[in-house]
Amino acid sequence: MQTKKAKALAGFINEAYSVFGKVYKQQVDDIKELERYKRKFTQDKFEEVYSEFEDELRCNIEEYPNIKQIYAYIISYFEKFENWNPFYDDDDVKIIKQEFEKGFLIKLKENIEQVVDVLSEFCMTDNNGYPDYALQDFYNETRKHLSGKTPNEKNDRNTYQLEIRFDFQALKLESEQLNTIAERRKLITQRLFDFEQWQIQYDEFVDDMFEGKFYRYTRLYYPKFKDLCISELKRLKQIQEIEPALSKTGTEKKETGENKTIDSYSWEMDSTDLIELVTALHEVKAIKRTDGKKLSLIELTDFFETIFNREVKNDKGMRAYISSPISTRKLFLDKLRDAFETYCKKRDKSEPDNYKPRMTGY
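Residues numbered from 1 in each chain as written. Predicted model: local features only at pLDDT ≥ 70, side-chain atom pairs only at ≥ 80, totals over all residues. Heavy atoms only, no water.

With that settled, consider the overall build of the protein chain. Scanning the protein chain for helices and strands turns up 15 helices and two strands. Counting across all 362 residues of the protein chain, residues that qualify as buried make up 34%. Intrachain contacts of the protein chain at a sequence separation of at least 6 include 70% that bridge at least 24 residues. Per element, the accessible surface of the protein chain, about 24000 Å² overall, is 50% carbon and sulfur. (Helix = DSSP H or I, 4+ residues; strand = E, 2+ residues; numbered from the N terminus. Buried < 20%, exposed > 50% of the residue type's maximum accessible area, 1.4 Å probe, protein only. Contact = heavy atoms within 4.5 Å. Areas by Shrake-Rupley, 256 points an atom, 1.4 Å probe, with all protein chains shown as cover.)

See below:
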């Protein structure tokens, strides 16, 4: 496994933070030394060092198609940054007030924070200790890019390509994008049959005197996939049995005016798109509370979750991920703008004589 670029990135961040402290405290006496720092710790250099690390990460994913091994590689060099908060909230104010290398310090601080935010997301795990969505997304995109070959062309341990569809955490994320429990149960049931047929068609069956009978690649890469799917199906079945009673209670409350619910709509895009929209609406103060109280971002997120019956996990982490300048993800707001511009172009410029603009309510 390659580690040179990861080690270099960790060292570069540590050195940059050390330089920030030195310049911030005005402990640089030699002007040449200061100029050397400015040349070394530019935004372009940060992007270059990070990009080289990403290339190494992709190479490791190709060579070691096991996300747990990739996570071990990540945590070996970046564990320090998972919950690292190197700066204070008022640092920008202090930098400006002391009037010493303001531009360099503010930009250096920003570059450090941006890279550390991404690495922190890579280090995160879910409640089960499994790599969280940021590393999973990067891993899945890399594997997808490498999937030009048929994974089962050669049933050899050294050339075998991991089947992402049999990664339980990836399956669970896919399931959570569906609107109903029935759809989730159907997806997982179908995937279980896909898994069984894949075993019969491609996996290598072993009948060992000492270890017994087993499928070689299932044992290596998907040892708990079937059991986890069965457990998830049981959970969904029990929830489905409980829901009618909850629905009845909710109806009674609605009829008495105690609780009003909205259950007629569903969000058809990704959860990250929803978080991006909610964040933008909150920032421009498009939605306010009628009682005049301040509307928090968390409260607005909860409101949209209720409207669309869509639970968003780790919304704070999602915001850090989608707002990172290093991310190549296309913004949902850009998609909305493109869609509206297309709509405007389609409209016939000649409106009927009796056309009236829609009233705004003002």
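This part takes up the packing of aromatic side chains. Each aromatic ring pair is summarised here by two numbers: the centre-to-centre distance and the angle between the ring planes. Overall, the coordinates contain 26 aromatic pairs when judged by the stated rule. On the numbers, 5.1 Å between centres and 75 degrees between planes, the contact of Tyr 17 with Trp 84 is edge-to-face. Note that Tyr 17 is positioned in helix H1 (residues 4-24) and Trp 84 in the loop between helix H4 (67-78) and helix H5 (91-98), a separation of 67 residues in sequence. The ring of Phe 214 is capped by Arg 219, whose NZ or CZ atom sits 3.6 Å from the centre of that ring. (Phe/Tyr/Trp six-rings, centres within 6.5 Å; stacked < 30°, edge-to-face > 60°. Lys NZ or Arg CZ within 6 Å of the ring centre and 35° of its normal.)

Turning next to the side chain of Asp 167. Mapped onto the elements of the fold, Asp 167 is located in the loop between helix H7 (133-145) and helix H8 (168-176). Notably, Asp 167 is buried but unbridged: the nearest opposite-charge side chain belongs to Lys 68, and the N-O separation is 8.8 Å. Sequence-distant contacts of Asp 167, that is, excluding residues within four places in its chain, are made with Ile 67, Tyr 130 and Phe 225. (Lys, Arg positive; Asp, Glu negative; His and termini not counted. Salt bridge = Lys/Arg side-chain N within 4 Å of Asp/Glu carboxyl O.)

Attention now moves to the packing of H1 against H4. Put simply, H1 and H4 touch, their axes get as near as 9 Å, and they point 30 degrees apart. As far as their axial angle goes, H4 and H1 are roughly parallel. Crossing hand, H1 versus H4: right-handed. Contacts from Ala 6, Lys 7, Leu 9 and Ala 10 in H1 reach Tyr 73, Tyr 77 and Phe 78 in H4. Across the contact of H1 with H4, the residue classes tally to six nonpolar, no polar and one charged. (Axes fitted to C-alpha atoms, helices over the stretch in contact; angles between N-to-C directions. Parallel < 35°, antiparallel > 145°, perpendicular 65-115°, else oblique. Left-handed = near helix turned anticlockwise from the far one by under 90°. Nonpolar A, V, L, I, M, F, W, Y, C, P; charged D, E, K, R; others polar.)

With that out of the way, let us pick up the pattern of salt bridges. Scanning the entire structure with this criterion turns up 20 salt bridges. A salt bridge links Glu 54 to Arg 58; the nearest nitrogen and oxygen atoms lie 3.2 Å apart. Linking Glu 54 with Arg 58, this pair stays in helix H3 (residues 43-63), spanning four residues, or about one helical turn. Using a relative accessible area of 15% as the deciding quantity, one classes Glu 54 as buried. Lys 109 is the salt-bridge partner of Asp 92, the closest N and O atoms lying 3.5 Å from each other. With a gap of 17 residues between them, Asp 92 in helix H5 and Lys 109 in helix H6 (residues 102-123) connect regions that are remote in the sequence. A relative accessible area of 30% means that Asp 92 is categorised as partly exposed.

This paragraph deals with the confidence of the model for the protein chain. For the protein chain, the mean per-residue pLDDT works out to 79, and 84% of the residues sit at or above 70. For the protein chain, the element scoring lowest by mean pLDDT is helix H11 (residues 225-256), at 73; helix H9 (residues 181-201) scores highest, at 90. Counted against residues more than four places away or in other chains, residues 149-159, with its pLDDT under 50, gives 16 contacts. Note on residues 251-262: pLDDT under 50 across the span, and six contacts to partners over four residues away in sequence or across chains. (pLDDT = per-residue confidence, 0-100.)

Those residues of H8 that sit buried are Phe 168, Gln 169, Ala 170, Leu 171 and Ser 175. Regarding H8, its N-cap is Asp 167, as a side-chain oxygen of that residue lies 3.0 Å from the backbone nitrogen of Gln 169 further along. (Polar contact = N/O pair within 3.5 Å; in protein donor to acceptor, adjacent residues only side chain to side chain.)

This part covers H4. The terminal C-alpha atoms of H4, which comprises 12 residues, lie 16 Å apart, in line with the 16 Å expected from a rise of 1.5 Å per residue. Listed as buried for H4 are Ile 67, Ile 70, Tyr 71, Tyr 73, Ile 74, Ile 75 and Phe 78. The N-capping residue of H4, defined by a side-chain oxygen 3.0 Å from the backbone nitrogen of Lys 68, is Asn 66. (Expected span 1.5 Å × (residues − 1).)

Right, let's talk about the environment of Gln 98 for a bit. Relative to the assigned elements, Gln 98 resides in helix H5. Sequence-distant contacts of Gln 98, that is, excluding residues within four places in its chain, are made with Tyr 24, Gln 26 and Leu 105.

Right, let's get into the nonpolar core. If you look at the biggest cluster of nonpolar residues, it comprises 77 residues, and the most contacted ones within it are Phe 53, Phe 78, Leu 119 and Phe 122. Counting residues per element, this core draws most heavily on H6, at 10 residues. Contacts of Leu 119, omitting those with residues within four sequence positions, involve Leu 9, Ile 13, Tyr 50, Phe 53, Phe 78 and Phe 81. (Core = buried A, V, L, I, M, F, W, Y, C linked by side-chain atoms within 4.5 Å.)

To continue, consider the environment of Arg 216. Here Arg 216 shows up in helix H10 (residues 216-221). On the basis of relative accessible area, Arg 216 is assigned to the partly exposed category, the value being 33%. Along the chain, Arg 216 and Asp 203 lie 13 residues apart, while their C-alpha atoms are 6.7 Å from each other. When sequence neighbours within four positions are dropped, the list of residues in contact with Arg 216 reads Asp 203, Glu 204 and Val 206.

Moving on: unusual backbone geometry. One non-glycine residue, Gln 26, lies in the positive phi region at around 55 degrees. For Gln 26, the location among the structural elements is in the loop between H1 and helix H2 (31-40). Positive phi, normally seen in glycine, also occurs at Lys 285, with a value near 55 degrees. You can see Lys 285 is positioned in the loop between helix H12 (271-283) and helix H13 (297-308). When its relative accessible area of 59% is taken as the criterion, Lys 285 is described as exposed.

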